[in-house]
Amino acid sequence: MATIPTPVLSGKVALITGGSKGIGACVAASLARLGAKVVINYGRDTAAAEAMVSDKLGGSDNAVAVQADAGSVAGVESLVKATVDRFGKIDILIPNAGVLQMKTVSATTEADFDLSFTLNVKGPYFLVQKAIPHMSSGSSIVLISTTQNFASTVSPPYTLYCATKGAIDQMGRTMSKDLQATKGINVNVVSPGPTGTDLFYQGKSEQILKMIASLNPQNRIGTPEEVAEAIVFLCRPEARWITGQNIRVNGGQA
């Protein structure tokens with residue numbers, strides 16, 4: 001009688017901010033299919049988060065949704081505590097929550113700046129800080145940046161967003177040296193190109209979408225599942241020799 005192979009991430013515990021929708025939800029579902037216990041963080045939509053746990057993550061024995069402000073120190077502390085209280089440790093950390101404000105330099109207010117840097121930079125930084133005492137050698141951290149930071153030309157309204165993701169790029173580069181040397185933790189960055197989430201499509205005309213797709217050699221927009229699988233690969237044992245890298249998941253756009 002053939003034995004059923006053990007899922008590759010069985011026994012692992014993953015914490016994902018912004019995990020109830022879009023790319024984060026796809027990552028969470030993929031990790032759950034591979035056997036991981038999953039904690040997803042969300043901001044406001046409790047119904048969507050609870051549906052995610054019951055429908056895609058194997059129910060309350062295997063997953064939990066935690067509401068918290070992923071941009072505050074108190075919020076990320078509560079996320080880490082909820083994860084450790086429920087599952088005892090953290091093996092996979094994906095600070096995925098973020099905000100994209102289309103702001104030129106002239107149009108940016110101090111409140112815009114503070115919101116973007118709080119959620120996109122401060123939150124991930126302190127989430128890593130609070131999580132690492134509960135992570136052991138062989139654990140993985142995947143930060144999320146953007147392909148826009150590699151493009152030869154960038155539309156001015158992306159200035160504020162790219163500034164925050166530039167900080168993420170450097171965090172990944174330097175944290176990888178620190179955490180691999182001191183804790184044996186791999187740190188990588190994934191930089192998606194345009195990705196067809198509900199948030200991405202919101203407010204864009206068919207003409208704009210066709211123009212964006214035309215910038216890609218495959219003449220289309222990427223899917224959340226395609227980005228998620230790259231993130232998940234970096235959490236698998238096969239990626240143990242990959243750290244300090246910034247991987248562009250964009251179909252060859254830049």
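Looking up the protein chain in an unreviewed UniProt entry gives the name 3-oxoacyl-[acyl-carrier-protein] reductase, with the organism given as Exophiala oligosperma. You can read under Sequence similarities (unreviewed entry) in the UniProt record for the protein chain the words "Belongs to the short-chain dehydrogenases/reductases (SDR) family."

(A) Seen up close, the pattern of salt bridges. Under the defined criterion, the tally for this structure stands at 7 salt bridges. Close ionic contact of lysine 21 with aspartate 45 constitutes a salt bridge, the shortest N to O distance being 3.0 Å. Here aspartate 45 lies in the loop between strand S2 (37-42) and helix H2 (46-56) and lysine 21 lies in the loop between strand S1 (13-17) and helix H1 (22-33), a separation of 24 residues in the sequence. Residue aspartate 45 is classed as partly exposed on the basis of its relative accessible area of 31%. Linking glutamate 77 and lysine 130 is a salt bridge whose minimum nitrogen-to-oxygen distance equals 3.5 Å. With glutamate 77 in helix H3 (residues 73-87) and lysine 130 in helix H4 (residues 110-131), this pair connects stretches of sequence that are 53 residues apart. Judged by its relative accessible area of 23%, lysine 130 is partly exposed.

(B) Main features of the sheet that holds strand S4 (residues 92-95). In spatial order, the strands read S3-S2-S1-S4-S5-S6-S7; together these 7 strands make up an open sheet with parallel pairing. In this open sheet, the two strands that pair with only one neighbour each are strand S3 (63-67) and strand S7 (246-249). For this sheet, the mean inter-axis angle between neighbouring strands, taken without regard to orientation, is 15°. Here 4 bridges tie S1 to S4, and the two strands are oriented parallel to one another. Bridge pairing in S4 links leucine 15 to leucine 93. Most of the contacts of helix H5 (residues 159-183) go to strand S6 (residues 186-192), to which it runs at about 160°, and overall it touches strand S5 (140-144), S6 and S7.

(C) Region of the structure containing the nonpolar core. The biggest cluster of nonpolar side chains holds 33 residues, and the ones touching the most others in it are Val27, Leu31, Val38, Leu57, Ile94 and Ile231. Elements that contribute at least two residues to this core include exactly S1, H1, S2, H2, S4, S5 and helix H8 (224-233). In terms of residue count, H1 provides more of this core than any other element does, 8 residues in total. Aside from chain neighbours lying at most four places away, what touches isoleucine 231 is Ile23, Val27, Ile94, Val142, Ile144 and Val190. Listed in part, the 27 residues of the second largest apolar core include Ile90, Ile168, Leu179 and Val189.

Parameters and conventions
Residues numbered from 1 in each chain as written. Predicted model: local features only at pLDDT ≥ 70, side-chain atom pairs only at ≥ 80, totals over all residues. Heavy atoms only, no water. UniProt positions renumbered as here; feature names shortened; annotations may be inferred. Salt bridge = Lys/Arg side-chain N within 4 Å of Asp/Glu carboxyl O. Helix = DSSP H or I, 4+ residues; strand = E, 2+ residues; numbered from the N terminus. Buried < 20%, exposed > 50% of the residue type's maximum accessible area, 1.4 Å probe, protein only. Pairing = 2+ DSSP bridges. Axes fitted to C-alpha atoms, helices over the stretch in contact; angles between N-to-C directions. Contact = heavy atoms within 4.5 Å. Core = buried A, V, L, I, M, F, W, Y, C linked by side-chain atoms within 4.5 Å.

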